[in-house]
Amino acid sequence: MAFISYLLKRLAFMAITLLLVTLIAFGLTNILPGNVALLILGPNATEESIAALEAQLGLDQPLYLQYIDWVVGLIQGDMGTSLRYGTPVSELIAIRLPRSLLLAISATIVSVTLSIPLGVIAAVRKNTPTDLTASMLAFVGLSLPIFLWGLVFIYVFALTLGGFPTRGYVSPFEDPIAAIHHLILPASAMGVALTAYIMRMTRSSMIDELSEDYVEFARSKGLSERAVVLRHALKNAAIPVITVIAFQFSYAFGGVVVLEEVFSWPGIGRLTLTAIENRDIPLLQGCIIVIALIYMLSNFLADAFYAYVDPRIRYGGEE
Amino acid sequence: MTTTDSLLAVDDLRTQFRTEEGIVTAVNDVSFALDHGEVMGIVGESGAGKSVTAKSIMRLIRYPGEIVSGSITFDGQDLLALSEKEMRSVRGNKITLIPQDPMTALNPVLTVGQQIIETIQLHQNVGESEAREIAIEAMEDVEIPDPASRIDEYPHEFSGGMRQRVLIAIGLACEPDLIIADEPTTALDVTTQAKILELLNDLREKRGVSILMITHNLGVVAQTCDRVGVMYAGNLVETGRVADIFEQPRHPYTRTLIDAIPAVDSDRNRLYALGGSMPDLQALPDGCNFADRCPHAIEACRSGSDPALEPVAGAPGGTEAACIRADELDLSEPAVEEGVERRHRETHTEPLLEVNGLEKHFSAGDGLFGNLSLARTDGGSLTLERRYVKAVDGVSFTINRGETVGLVGESGCGKSTVARTVMQLLEPTGGEVYFDGHPLHELGKREIRSLRQEMQIIFQDPKSSLNPRKTVGQIIGRGMEKHDIATGNEKRERIEELLERVGLQASDIDKYPHQFSGGQQQRIAIANALAVEPELIVCDEPVSALDVSVQAQILNLLDDIQDEFGLSYLFISHNISVVRHLCDRVAVMYLGKIAEFGSVDDVFDPPYHPYTESLLSAVPHADPAQMSDRILLEGTVPSPLDPPSGCPFHTRCPKKIGDVCETDEPLPEAVGDESTHQISCHLSVEEMSEPVTDRPVAGSKVEES
């Protein structure tokens with residue numbers, strides 16, 4: 001009961017946040033410079049044709065009415081029509097979103113498999129050369145932006161060592177092996193960039209847990225250090241790490257906007273850039289909403305997972 | 001020293017810690033032996049080396065600590081010679097640990113069952129289901145109700161006392177020969193402590209297991225141990241049979257330790273308090289470590305090395321003391337400070353603080369929807385309801401000028417919330433507070449701020465209440481400036497005077513809080529409170545974090561300055577002995593309400609309200625000759641989110657009379673003609689005076705959760 005209650009509360013929060021996001025997305029895209037009708041019709045358009053197009057697009061309506069129309073459409077699943085492509089925004093996004101998700105999820109998997117063992121080892125060997133090396137490497141990963149990692153990986157693995165394509169996307173349904181082949185470099189580049197935060201969080205959270213009473217008590221039971229670390233401390237240390245992973249996933253999703261450009265990955269990131277370049281307001285708004293939604297969903301899942309891992313949250317918390 | 005029949009023999013054990021300031025010898029050549037089936041207490045103040053001794057025996061000392069020398073022989077085996085792997089098969093199997101804090105010693109994300117079964121499977125060659133059965137048996141042995149279903153619950157679903165039972169169940173599951181109990185009841189309320197001690201006594205009788213009881217509480221030692229070792233600054237200074245040591249201590253430190261505790265049936269004599277505190281382990285003095293504080297120290301005590309434990313002439317067998325004068329001193333009588341008589345109880349009649357029907361309800365949970373909760377209505381449909389924690393629910397009392405009123409109760413009863421609400425640090429949700437005639441509940445923030453000069457508060461932990469970045473002079477001076485009491489040189493002089501008055505040096509004015517010990521910091525907090533010349537000081541557990549000898553110093557100080565500065569105290573404590581020692585009148589709180597209010601003698605001597613009676617009986621006497629009949633309460637304090645109907649105590653009351661207790665809330669009634677003694681109970685005074693015969697009435701049994 002408490003668990004459902006907890007999830008319902010999180011969902012209610014999400015609905016409110018989403019409403020705020022629509023306001024911001026709508027407000028921001030409407031203060032972008034440039035007349036949409038003029039952009040569509042070209043520099044030779046007459047005043048009348050611009051006015052006619054604005055009326056057709058509903059752009060002559062007061063802003064609040066445009067907003068309400070848009071939000072009502074959103075609720076019904078109608079995100080409007082792309083000005084540039086002339087097709088429904090929802091269709092454009094539906095094609096590209098899974099590709100971006102594939103990239104972001106793969107990158108998160110790469111970073112988790114790297115960072116958690118590194119973080120645990122660094123914590124167990126606190127203040128030894130191993131710890132310092134691991135922390136230093138993670139710091140290097142952190143200090144370069146994602147797109148630079150992309151360029152480094154392309155240079156090293158595709159151009160110098162060879163064996164990996166520099167760009168492009170292949171659907172895993174058409175050719176799974178080629179798909180993975182194309183995925184490895186962008187996913188690793190982003191994964192490495194994300195590793196640092198998660199590793200540092202794992203390390204500090206693990207160090208905290210290792211000084212807890214229950215760890216000492218577990219040792220007093222005669223458990224081996226390995227069992228103490230993996231069975232007792234890690235599960236507790238994971239709780240704050242999960243938030244960071246969820247946060248990093250959303251960060252990765254922001255990162256794809258740039259990285260997709262580097263690797264010519266036809267996902268939602270490139271779609272967003274195209275929308276900005278072309279003042280394609282309905283498309284841009286749709287992209288923002290979807291990216292925000294992904295962000296919120298990943299945090300919601302983190303909360304739910306949180307509650308799953310930590311029984312104190314699952315059952316409504318302690319006094 | 002080592003005898004062949006001892007279960008455990010510790011010889012010249014030395015454990016050191018490397019710190020940035022140098023090497024700290026936490027355990028300094030300690031030797032003792034423990035027989036089969038024996039319960040031995042190791043008692044001492046914080047920093048004495050008790051816990052490090054315990055951890056050394058289990059070889060749980062980790063970097064930067066190290067066992068440097070000595071031997072630990074357990075069951076004929078030299079534990080220090082074992083490999084880490086061999087040692088692991090001893091830990092949790094032959095020697096088990098019951099740790100101090102049940103709230104933190106269990107892993108919050110594993111079920112209780114997983115944590116018991118894990119130990120069993122580690123040391124016994126049994127399958128999952130068999131281990132589970134053994135675990136359930138162990139839970140039964142420690143009297144956890146309904147173990148078969150509770151085994152799959154998580155630690156947070158258990159109360160503190162029940163968690164401590166789980167820890168004991170883990171300790172027992174592999175049938176060890178030795179249990180090391182490291183302050184097993186320190187984190188528990190007194191009524192829960194009584195039950196856990198009873199359980200340990202039972203288990204020891206049934207199983208013949210040996211127990212090494214690490215504690216700072218002489219009462220616990222007196223009620224559970226056969227023998228005791230007293231530790232001071234890393235050394236054992238006295239060992240012997242418990243009865244002998246309480247009868248006639250042979251080391252002056254043991255004597256002062258006993259004298260520093262206010263007895264639960266204490267008269268109001270001044271406590272005998274030593275000056276100073278335990279020496280810094282890195283800068284031990286020449287000669288006896290205790291000489292600087294010892295009232296019997298002579299020149300010879302201050303040279304050479306620290307004396308070793310030696311048998312004392314004329315003392316019963318087994319008594320050893322590390323004191324060069326042990327043979328000649330007679331310490332059988334409590335030390336009395338000469339020339340200082342405790343003032344007599346006076347009657348104070350002019351009211352200073354009047355609290356009427358004070359309420360403080362907190363919204364449960366935080367955030368926008370925090371206190372909303374899904375619930376089922378009687379019809380079974382889901383509804384949302386707002387929930388409140390009734391931390392203080394209709395509390396009334398008065399404090400007269402010059403008087404000390406105690407507020408006593410177990411954790412979670414609302415006593416600290418009363419303190420903060422009275423001070424208007426928390427806004428009351430109902431009721432009236434009059435201070436010196438001013439209705440605080442009606443005043444605005446600014447008026448309250450100017451009245452705050454008259455009301456000061458001292459908290460339990462001076463470390464967190466003194467600003468670490470300010471000097472003592474700046475901390476104390478701030479209030480004086482704010483309330484226009486003194487500035488400039490005059491201020492400085494006043495602060496120096498105050499520091500000297502509370503037992504510090506005038507030169508301490510430019511030091512920072514971290515340069516002082518806990519007891520000294522509490523003195524600074526007291527000086528800080530006095531600086532603004534208040535009428536009332538609210539003391540919220542002011543001595544709970546302090547060692548007994550320091551506690552006695554602070555209690556004496558509070559007592560001394562009361563008349564001198566014309567102070568009234570609201571003294572909040574869970575420690576009945578301390579309240580009884582210091583207070584004129586006392587209010588006993590239970591679940592946000594006052595169960596009983598009256599003069600200390602009326603309330604405690606003899607106790608009337610069943611809760612007061614249970615509370616009093618649960619306090620372990622620091623005197624092995626006084627085995628009191630403890631009333632063991634069922635269950636724990638119910639949640640203030642969902643308090644019981646009628647009398648809040650009815651779910652645990654050993655004298656519950658029937659339905660009236662469940663349906664009608666008892667109102668405070670004056671006892672006889674004395675309007676000053678009020679009891680909230682449906683029983684008549686005669687009924688309350690009868691001894692508790694039966695365990696709680698059938699059907700009223702409430703499970704702890």
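About the cut-offs
Residues numbered from 1 in each chain as written. Chains lettered and ligands numbered in written order. Predicted model: local features only at pLDDT ≥ 70, side-chain atom pairs only at ≥ 80, totals over all residues. Heavy atoms only, no water. Buried < 20%, exposed > 50% of the residue type's maximum accessible area, 1.4 Å probe, protein only. Helix = DSSP H or I, 4+ residues; strand = E, 2+ residues; numbered from the N terminus. Pairing = 2+ DSSP bridges. Polar contact = N/O pair within 3.5 Å; in protein donor to acceptor, adjacent residues only side chain to side chain. Contact = heavy atoms within 4.5 Å. UniProt positions renumbered as here; feature names shortened; annotations may be inferred. Salt bridge = Lys/Arg side-chain N within 4 Å of Asp/Glu carboxyl O. Expected span 1.5 Å × (residues − 1). Arc of directions from axis to C-beta. 1 Å grid on protein atoms, 1.4 Å probe; cavity = no way out; pocket = protein on both sides within 12 Å on 5 of 7 lines; lining within 4 Å. Points joined across faces, edges and corners; volume = space filled by probe spheres on them. Nonpolar A, V, L, I, M, F, W, Y, C, P; charged D, E, K, R; others polar. Axes fitted to C-alpha atoms, helices over the stretch in contact; angles between N-to-C directions. Patch = residues over 30% accessible without salt bridge, like charges linked within 9 Å, V, L, I, M, F, W, Y side chains within 5 Å. Areas by Shrake-Rupley, 256 points an atom, 1.4 Å probe, with all protein chains shown as cover. Lys, Arg positive; Asp, Glu negative; His and termini not counted. Charge placed at Lys NZ, Arg CZ, Asp CG, Glu CD.

## What to know about the pairing of strand 3 (residues 39-43) of chain B
For a regular strand, side-chain orientation follows a simple rule: the groups alternate between the two sheet faces.
Residue and element names in this part refer to chain B.
So, step 1. Where burial is concerned, most of strand 3 is hidden: 5 out of the 5 residues are buried.
So, step 2. Taking every second residue as pointing to the same face, both faces of strand 3 are buried, with V39, G41 and V43 on one and M40 and I42 on the other.
So, step 3. Taken together, the 5 bridges between strand 3 and strand 8 (residues 210-215) define a ladder with parallel strand orientation. Each residue of the ladder has a partner; that of M40, found in strand 8, is L212.
So, step 4. For strand 3 and strand 9 (residues 227-232), the ladder comprises 4 bridges, and the chain directions are parallel. Looking across to strand 9, one finds that G41 is bridged to V228.

## Regarding the side chain of Q248 of chain B
Residues and elements named next belong to chain B.
So, step 1. Looking at the element boundaries, Q248 is found in the loop between helix 10 (242-247) and helix 11 (252-259).
So, step 2. At 3.2 Å, the side chain of Q248 and the side chain of R250 are in polar contact.
So, step 3. Filtering out sequence-adjacent residues up to four positions away, Q248 remains in contact with L329, D330, L331 and S332.

## Here's the deal with the UniProt feature "transmembrane region" (unreviewed entry) in chain A
So, step 1. UniProt's entry tags residues 12-32, 101-124, 136-158, 178-199, 241-263 and 283-309 of chain A with the feature "transmembrane region" (unreviewed entry), counted in the numbering of this structure.
So, step 2. Within the segment residues 136-158 of chain A, helix and strand shares are 91% and 0% respectively, and the terminal C-alpha atoms sit 26 Å apart.

## Description of the UniProt feature "domain: ABC transmembrane type-1" (unreviewed entry) in chain A
So, step 1. Taking the numbering used here, the UniProt-annotated feature "domain: ABC transmembrane type-1" (unreviewed entry) corresponds to residues 97-306 of chain A.
So, step 2. Along residues 97-306 of chain A one finds 83% helix and 0% strand; the C-alpha atoms at either end are 26 Å apart.

## Things to note about the interface of chain A and chain B
So, step 1. The interface is formed by 30 residues belonging to chain A together with 37 residues belonging to chain B.
So, step 2. There are 4 salt bridges connecting chain A and chain B.
So, step 3. The interface formed by chain A and chain B holds 12 residue pairs in polar contact (both at pLDDT 80 or more) in total.
So, step 4. For the side of chain A that touches chain B, the elements supplying multiple residues, two or more each, are helix 1 (2-31), helix 9 (213-220), helix 10 (225-262) and helix 13 (311-314) of chain A.

## With respect to helix 4 (residues 63-75) of chain A
Residues and elements named next belong to chain A.
So, step 1. The end-to-end C-alpha separation of helix 4 is 18 Å, in line with the 18 Å expected for 13 residues at 1.5 Å each.
So, step 2. If you check which residues of helix 4 are buried, you get Q66, Y67, W70, V71, G73 and L74. Along the axis of helix 4, the buried positions cluster into a sector of 160°, meaning they face one direction only. Exposed residues on helix 4 whose side chains face more than 90 degrees from its buried face are Y64, D69 and I75.
So, step 3. Where helix 4 terminates, the next one or two residues include G77, which has phi positive at roughly 85°.

## Section: the side chain of T119 of chain B
So, step 1. Along the chain, the position of T119 of chain B falls in helix 4 (residues 112-123).
So, step 2. Residues in contact with T119 of chain B, not counting those within four places in the same chain, are K221 of chain A together with G92, I170 and C174 of chain B.

## Describing the sheet that holds strand 7 (residues 178-182) of chain B
All names here are of chain B.
So, step 1. As summarised here, the arrangement of the 8 strands in space is 6-7-8-3-9-10-12-11, forming an open sheet in which the pairing is mixed. Looking at which strands have only one partner, the edges of the open sheet turn out to be strand 6 (95-98) and strand 11 (310-311).
So, step 2. As defined by bridge partners, strand 10 (residues 235-241) adjoins strand 12 (residues 320-321) across 2 bridges and the pair is classed as antiparallel. Note on strand 12: the bridge partner recorded for E238 is A321.

## Describing the pattern of salt bridges
So, step 1. Counted by the stated rule, this structure contains 39 salt bridges over all chains.
So, step 2. A salt bridge links E118 of chain B to R231 of chain A; the shortest N-O distance between them is 2.4 Å. Of this pair, E118 of chain B sits in helix 4 while R231 of chain A sits in helix 10, which puts the two residues in different chains.
So, step 3. Owing to a relative accessible area of 8%, E118 of chain B belongs among the buried residues under this scheme.
So, step 4. Here R325 of chain B ties to E328 of chain B by a salt bridge, and the two come within 3.3 Å at their closest N and O atoms.
So, step 5. Under the relative-accessibility criterion, R325 of chain B is labelled buried at 16%.
So, step 6. According to the relative accessible area criterion, E328 of chain B is exposed, its value standing at 54%.

## Some thoughts on empty space enclosed by the protein
Residue and element names in this part refer to chain B.
So, step 1. Applying the stated criterion across every chain yields a total of 7 cavities of 30 Å³ or more.
So, step 2. A volume near 80 Å³ is recorded for the largest cavity.
So, step 3. Looking at the largest cavity, it is lined by 13 residues, and the ones nearest its centre are P610, C647, C653, C661 and C681.
So, step 4. Taken together, the residues of the lining of the largest cavity sort by class into 8 nonpolar, 3 polar and 2 charged.
So, step 5. Put simply, the second largest cavity is a space of about 70 Å³.

## Considerations on helix 16 (residues 488-501) of chain B
Residues and elements named next belong to chain B.
So, step 1. Across its 14 residues, helix 16 extends 20 Å between first and last C-alpha, which sits within 8% of the 20 Å expected from 1.5 Å per residue.
So, step 2. Here helix 16 has its buried residues at K491, I495, L498 and L499. Taken around the axis of helix 16, the buried residues stretch over an arc of 100°, which confines them to a single face. Exposed and facing more than 90 degrees away from the buried side of helix 16 are N489, E497 and E500.
So, step 3. Among the structural elements, helix 15 (472-482), helix 17 (518-531) and helix 18 (548-565) are those in contact with the buried residues of helix 16.
So, step 4. Just beyond helix 16, the residue with positive phi is G503, at close to 90°.

## Things to note about the sheet that holds strand 13 (residues 351-363) of chain B
Residues and elements named next belong to chain B.
So, step 1. Across the sheet, 4 strands lie side by side as 16-13-18-19; this open sheet has antiparallel pairing. Every other strand in the sheet has two partners, leaving strand 16 (388-400) and strand 19 (438-439) as the edge strands with one partner each.
So, step 2. Of the pairings in the sheet, the one linking strand 13 to strand 18 (residues 430-435) comprises 5 bridges and is antiparallel in character. Opposite E359, over in strand 18, you have G430 as the bridge partner.
So, step 3. Where helix 12 (residues 415-422) meets the sheet, its contacts fall on strand 13, strand 16 and strand 18, and the angle it forms with strand 13 comes to roughly 115°.

## Notes on the UniProt feature "domain: ABC transporter" (unreviewed entry) in chain B
So, step 1. Mapped onto the present numbering, the UniProt feature "domain: ABC transporter" (unreviewed entry) falls at residues 8-258 and 375-616 of chain B.
So, step 2. Structurally, residues 8-258 of chain B comprises 40% helix and 28% strand, and the distance from its first C-alpha atom to its last is 27 Å.

## Topic: a positive patch on the surface
Residue and element names in this part refer to chain B.
So, step 1. On the surface, K445, R446, R449, R469, K470, R478 and K482 cluster together to form a positively charged patch.
So, step 2. Secondary-structure elements contributing two or more residues to the positive patch are helix 13 (445-451) and helix 15.
So, step 3. If one sorts the elements of the positive patch by residue count, helix 13 sits on top with 3 residues.
So, step 4. For R449, the position within the fold is in helix 13.
So, step 5. By relative accessible area, R449 is classed as partly exposed at 48%.

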